[in-house]
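Structural characterization, general
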Amino acid sequence: VRISHQTLAQPPRWLDVRLNDGQITEVERDSYSGLDSSRYLMERMHAVAQDGELVPITVLSRRDLAGDQPQPLPLLLTGYGAYGISYEPEFSLPALAWADAGYRYAIAHVRGGSEKGYDWYQGGCREDKRNSMSDFLTCAQHLQRIGYSSPEQTVSHGVSAGGLLVCGAVNMRPDLWAGVIAQVPFVDMLNTMSDAGHPLVPLLRPDWGDPLADTAAYDAMAAISPYENVRAAAYPPVLCTAGLKDDRVPYWEPAKLLANIRRYSTSNAPALLLLNPDSGHQESDQPQNVLQQTAQLWAFAEHCIRTAVAGQANQPVIGMAAC
């Protein structure tokens, strides 16, 4: 059989596996000039959720920073946890760029995805959606507890439904984060799922429920929808992106969330909206544009961590006037 194999640090390669004796022959591989995958350490660990479930975590770091006594490093923790989509640790230049700076990059494989099968997917749907967010918090706390990072060095990151994940998590525990990055985040789920005229709503009801027909579904969404659950607390810096032409998650969802954070947060940390007037749900399909946006987001994350570590979390973000 021929298989494709890759990791966060290893570009895709194609292997022929001879089944009678297991012999493996490499047929082809993608290559990048100057990339040495052996410089990086890939780890798989598990955090114990509140109900005893083991939540997988994939961690990437520079191998020369590994040791018997791990040192807390800046950590970018990302996740998705929706629609049964497994967050595979595919080869990632942005992840390597973060690791090259001497930091750690991690994926929390929370419930709502299919990393551990169909039950794992269903365990993060409808009335059980809170599991996705509590799993994400569990992963952050695990990495902090074992000395891989600290709350002052941890930034969360999520895209679309992953934005729902990280924004829901920061509502629950704003003290665990130095910053939050939510790209085109689905954060007004209660109002959106109550819009029967939205073309995507009927397709999404199996995952989120129908608040118009089911009071239990309404109550479950109202309890976790990020926009509705911003509260009086010291929020960390939050950066949301949006596309003016986004027909999946309209720009007013993150705008409303940030307005609520600005209203209720007891800190002076910034809540920023980065609006692209020309993009839809995806920033661009051009690799250079994607990398440029990622560089801006990673710079925001790095600044949040440096500011929090310096004990200046309430100071304004420097150099973000373009937002």
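See the structure shown above.
My aim in this report is to walk through the structure given alongside it, one point at a time. (Residues numbered from 1 in each chain as written. Predicted model: local features only at pLDDT ≥ 70, side-chain atom pairs only at ≥ 80, totals over all residues. Heavy atoms only, no water.)

1. Details of the sheet that holds strand β5 (residues 54-62)
With mixed pairing, the 8 strands of this open sheet are ordered in space as β4-β5-β7-β6-β8-β9-β10-β11. The open sheet has two free edges, formed respectively by β4 (40-48) and β11 (271-276), since each of these has just one partner strand. Shown here is a sheet whose adjacent strand axes are inclined to one another by a mean of 20°, direction ignored. Bridge count between β5 and strand β7 (residues 104-108): 4 bridges; the pairing is antiparallel. Pairing of Val-59 across the sheet is with Ala-106, part of β7. Contacts from helix α4 (residues 161-172) reach β6 (75-79), β8 (154-159) and β9 (179-183) within the one sheet, and its direction differs from that of β8 by about 145°. Each of β10 (238-243) and β11 touches helix α8 (residues 252-264); the most contacted strand, β11, lies at about 160° to it. (Pairing = 2+ DSSP bridges. Helix = DSSP H or I, 4+ residues; strand = E, 2+ residues; numbered from the N terminus. Axes fitted to C-alpha atoms, helices over the stretch in contact; angles between N-to-C directions. Contact = heavy atoms within 4.5 Å.)

2. What about the packing of aromatic side chains?
Two numbers describe a pair of aromatic rings. These are the distance of the centres and the angle of the planes. Considering all chains together, one arrives at 9 aromatic pairs under this definition. A centroid spacing of 5.6 Å and a plane angle of 20° characterise the contact between Phe-136 and Trp-177, whose relative ring orientation is stacked. Pair noted here: Phe-136 is in helix α3 (residues 130-145) and Trp-177 is in the loop between α4 and β9, with a separation of 41 residues, a long-range link. Take Phe-136 and Trp-177: they sit in the same class, and that class is buried. One aromatic cluster is present, formed by Tyr-80, Tyr-83, Phe-186 and Trp-208 through successive ring pairs. Seen from the ring of Tyr-148, Arg-104 lies directly overhead, with NZ or CZ sitting 4.0 Å from the centre. The lysine or arginine in question, Lys-256, covers the ring of Tyr-227, its NZ or CZ lying 4.5 Å from the ring centre. (Phe/Tyr/Trp six-rings, centres within 6.5 Å; stacked < 30°, edge-to-face > 60°. Buried < 20%, exposed > 50% of the residue type's maximum accessible area, 1.4 Å probe, protein only. Lys NZ or Arg CZ within 6 Å of the ring centre and 35° of its normal.)

3. What to know about the nonpolar core
Ile-57, Leu-77, Phe-136, Leu-143, Trp-177 and Trp-208 are the most contacted members of the largest nonpolar core, which has 52 residues in total. Among the elements that line this core, the one with the most residues is α4, at 7 residues. In contact with Leu-77, other than residues within four places in its own chain, are Ala-106, Ile-107, Ala-108, Phe-136, Cys-139, Ala-140, Leu-143, Val-155, Ser-156, His-157 and Trp-177. Of all hydrophobic cores here, the second largest spans 26 residues; its members include Ala-178, Leu-239, Leu-274 and Leu-297. (Core = buried A, V, L, I, M, F, W, Y, C linked by side-chain atoms within 4.5 Å.)

4. A closer look at the pattern of salt bridges
If you walk through the whole model with that rule in mind, you get 12 salt bridges. Several salt bridges converge on common partners, so that one network encompasses Arg-13, Glu-26 and Arg-29. (Salt bridge = Lys/Arg side-chain N within 4 Å of Asp/Glu carboxyl O.)

5. Examining helix α6 (residues 201-208)
Within α6, burial applies to Val-201, Leu-204, Asp-207 and Trp-208. Seen end-on, α6 carries its buried residues on one side only, within an arc spanning 100°. Tucked into the core, α6 has its buried residues touching α2 (118-122), α4, α5 (189-193) and α7 (215-224). Downstream of α6 by a residue or two, Gly-209 has a phi angle that is positive, lying close to 100°. (Arc of directions from axis to C-beta.)

6. Notes on the layout of surface pockets
Here the largest pocket defines a volume of roughly 1400 Å³. Going through the elements one at a time, β6, α1 (93-100), β7, β8, α6, β10 and α9 (287-309) are the ones with two or more residues in the lining of the largest pocket. Sorting elements by how many residues they give to the lining of the largest pocket places α9 first, with 6 residues. Taken together, the residues that form the lining of the largest pocket break down as 24 nonpolar, 18 polar and 4 charged. (1 Å grid on protein atoms, 1.4 Å probe; cavity = no way out; pocket = protein on both sides within 12 Å on 5 of 7 lines; lining within 4 Å. Points joined across faces, edges and corners; volume = space filled by probe spheres on them. Nonpolar A, V, L, I, M, F, W, Y, C, P; charged D, E, K, R; others polar.)

7. As for empty space enclosed by the protein
Tallying each qualifying case throughout the model produces 1 cavity of 30 Å³ or more. By volume, the largest cavity amounts to about 30 Å³. As for the largest cavity, its lining consists of Arg-126, Lys-129, Met-189, Asp-207, Trp-208, Ala-217, Ala-220 and Met-221. Those elements that provide at least two residues to the lining of the largest cavity are α6 and α7. No other element matches α7, which puts 3 residues into the lining of the largest cavity. Of the residues in the lining of the largest cavity, the class split is 5 nonpolar, no polar and 3 charged.

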